[in-house]
Amino acid sequence: MRPRVLLVHTGGTLGMAPQGEPTSLAPSPSVARILEQVPELRELAEFQLEVPLNQDSATLDAMQVLGLADLIRRASGDCEGVVLIHGTDTMAFSASLLGFLLADLGKPVVLTGSQRPLAYVRSDARGNLVDAVYLATRGVAEVGIAFGDHWLRGVAADKV
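Quick caveat: nothing in here was measured; it's all calculated off a predicted structure. (Residues numbered from 1 in each chain as written. Predicted model: local features only at pLDDT ≥ 70, side-chain atom pairs only at ≥ 80, totals over all residues. Heavy atoms only, no water.)

S.K.: I would appreciate a short explanation of unusual backbone geometry in the present structure.
M.R.: The phi angle of most residues is negative, glycine excepted, and most peptide bonds adopt the trans form. You will see that aspartate 149, though not glycine, has its phi angle at about 65 degrees, which is positive. Within the fold, aspartate 149 resides in the loop between strand 7 (143–147) and strand 8 (150–153). (Helix = DSSP H or I, 4+ residues; strand = E, 2+ residues; numbered from the N terminus.)

S.K.: Honestly, the nonpolar core in this entry has me stumped. Any pointers?
M.R.: Generally speaking, nonpolar side chains in soluble globular proteins are found buried as a group. Counting 24 residues, the largest nonpolar core has Val8, Ile72, Leu98, Leu102, Val109, Leu111 and Val143 as its most contacted members. Within the residue set of this core, elements represented by two or more residues are strand 1 (4–9), helix 3 (62–75), strand 5 (81–85), helix 4 (91–101), strand 6 (109–112) and strand 7. No other element matches helix 3, which puts six residues into this core. If we skip the residues at most four places from it in the chain, leucine 102 touches Ala69, Ile72, Arg73, Val109 and Val143. Counting residues in hydrophobic clusters, the runner-up holds 20 residues, among them Val5, Leu14, Leu35 and Phe47. (Core = buried A, V, L, I, M, F, W, Y, C linked by side-chain atoms within 4.5 Å. Buried < 20%, exposed > 50% of the residue type's maximum accessible area, 1.4 Å probe, protein only. Contact = heavy atoms within 4.5 Å.)

S.K.: Would you take a moment to explain the side chain of histidine 86 for this structure?
M.R.: With respect to the helices and strands, the residue histidine 86 is situated in the loop between strand 5 and helix 4. Dropping the residues within four chain positions of it, histidine 86 is found in contact with Thr10, Gly11, Ser57, Leu60, Met91, Ser94, Leu111, Thr112 and Gly113.

S.K.: Just checking my understanding: could you explain the pairing of strand 7 for this structure?
M.R.: The side chains of a regular strand alternate, first on one face of the sheet and then on the other. A large share of strand 7 lies buried, amounting to four of its five residues. One ladder, built from three bridges, connects strand 6 with strand 7; its direction is parallel. Across the sheet, leucine 111 pairs through a bridge with isoleucine 145, a residue of strand 7. Note that strand 7 and strand 8 share four bridges and pair antiparallel. Bridge pairing links glycine 144 to arginine 153 in strand 8. Linking two consecutive strands that pair antiparallel, namely strand 7 and strand 8, is a turn of two residues; a positive phi of about 55 degrees is found at glycine 148 within it. (Pairing = 2+ DSSP bridges.)

Written out as structure tokens, the structure reads:
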């Protein structure tokens, strides 16, 4: 039996999809769409999707991160881990705050995002998402970031 992963989509570039003009993007969060674009995720886990926000992470505030922590506590009960799709602008801030808020959760919470949308052929989103799901099923009970073939501890992350 495959592990269950709570997939929390908050916005950011990873989940954007081309719409109309080639440079026009729109939010597009759905498990079916993600699994269509990254079918190998089916080999790693089963998914439950929550979309509490769908916004540019530059507009994310501390109260919304508190809400994400509450959602993760409530919705991840029967999941082995959590993947939080997040914009890169404030990912380190959110990971640090969540690292303290969820220190006693007892399961992995992995933030990830991308520089280019998953729908684009030459995107870092596919690798980042696969890495995040893989790490969310490994039992490392802390908040971290999976990005660019790296694992960063959430409470020690900084955007440079």
